[in-house]
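Chain residues, written in single-letter form:
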Amino acid sequence: MNARFRARGMRGRGAAACAGSCSPALGRRPRALRRLGGSAPKAAGFTLIEIVVAFAILALGLTLLIGTLSGATRQLRQAGDAGRAALHAQSLLDEHALAPEPGETDGVLENGRYRWRLQVAPWDDPAMRSGLQPAGNAPRLLRVQVRVEWGAGGAGEHLQLATLRYLVPRGAAGETP
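Residues numbered from 1 in each chain as written. Predicted model: local features only at pLDDT ≥ 70, side-chain atom pairs only at ≥ 80, totals over all residues. Heavy atoms only, no water.

### Structural notes on the overall build of the protein
Step number 1: Check the secondary structure of the protein and you find three helices and four strands.
Step number 2: In sequence order, the secondary structure elements of the protein are arranged as α-α-α-β-β-β-β.
Step number 3: With 177 residues in all, the protein has 15% of them scored as buried.
Step number 4: Accessible surface for the protein amounts to roughly 13300 Å². Of this, 59% is attributable to carbon and sulfur atoms. (Helix = DSSP H or I, 4+ residues; strand = E, 2+ residues; numbered from the N terminus. Buried < 20%, exposed > 50% of the residue type's maximum accessible area, 1.4 Å probe, protein only. Areas by Shrake-Rupley, 256 points an atom, 1.4 Å probe, with all protein chains shown as cover.)

Dropping the structure here:
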């Protein structure tokens, strides 16, 4: 008799005792087949189509995320540039407010990154449009306007501030020249 059948309690039955349920190598069905009802165990893992769909969803999500981050970065840079332009414009107004003279002045700031133009002109009072002219030494208002531009390619972004300054001509209000 075969030693394989004696160890399992199949003495005297031989190969006929297996009757199709034995594996040729072991003489019996594997335990995994006995537990699962006789079918072969399924392989664990993902199919190729599941992996392709997962990568497509991941690529779409990353594209949207990168687009959002780059838009936020651009807006942050524009806000910073506009803030610096406002500070420059306010500084220019304060600098030229002490003794404004009618005319135009321009220049550059931060090595040409910001370009500015300051215009000072007498203010046209809508109430004075009736043809009345103030006296030569009477106090008057001047319109001071500053325009700051930045950005590449000439006409990029710009900021414009305007204010009125009270100007007392020399020799007016009791002063002696």
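Next comes the rest of the description.
### As for helix H3 (residues 48-96)
Two residues of an α-helix separated by three or four positions point the same way, owing to the 3.6 residues in each turn.
Step number 1: Taking 1.5 Å per residue, 49 residues should reach 72 Å; H3 reaches 72 Å between its end C-alpha atoms and fits that length.
Step number 2: Restricting attention to buried positions, one finds in H3 the residues Gly71, Asp81, Ala85, His88, Ala89, Leu92 and Leu93.
Step number 3: Summarising the contacts, the buried residues of H3 are in contact with strand S1 (103-109), strand S2 (114-122), strand S3 (140-150) and strand S4 (157-167). (Expected span 1.5 Å × (residues − 1). Contact = heavy atoms within 4.5 Å.)

### Digging into the confidence of the model for the protein
Step number 1: Confidence in the prediction for the protein averages 76 pLDDT; 64% of positions are at 70 or higher.
Step number 2: Element-level mean pLDDT values for the protein span from 51 in helix H1 (residues 3-7) up to 92 in H3. (pLDDT = per-residue confidence, 0-100.)

### As for unusual backbone geometry
If a residue is not glycine, its phi is most likely negative; likewise, a peptide bond is most likely trans.
Step number 1: If you check the backbone angles, Glu110 has positive phi at about 50° while not being a glycine.
Step number 2: Unusually for a residue other than glycine, Asn111 sits at a positive phi of about 55°.
Step number 3: With respect to the helices and strands, Asn111 occurs in the loop between S1 and S2.

### With respect to the packing of aromatic side chains
Step number 1: On inspection of all chains with the given rule, the structure shows one aromatic pair.
Step number 2: Pairing Tyr114 with Trp150 gives two aromatic rings, centres 6.1 Å apart and planes at 50°, and the pair type is tilted. Of this pair, Tyr114 sits in strand S2 while Trp150 sits in strand S3, placing them 36 residues apart in sequence.
Step number 3: Overall, Tyr114 belongs to the buried group, its relative accessible area being 0%. (Phe/Tyr/Trp six-rings, centres within 6.5 Å; stacked < 30°, edge-to-face > 60°.)

### Description of the nonpolar core
Step number 1: Leu118, Val146 and Val148 are the most contacted members of the largest nonpolar core, which totals 14 residues.
Step number 2: Broken down by secondary-structure element, the contributors of at least two residues to this core are H3, S2 and S3.
Step number 3: Considering each element in turn, this core owes the most residues, five residues, to S3. (Core = buried A, V, L, I, M, F, W, Y, C linked by side-chain atoms within 4.5 Å.)

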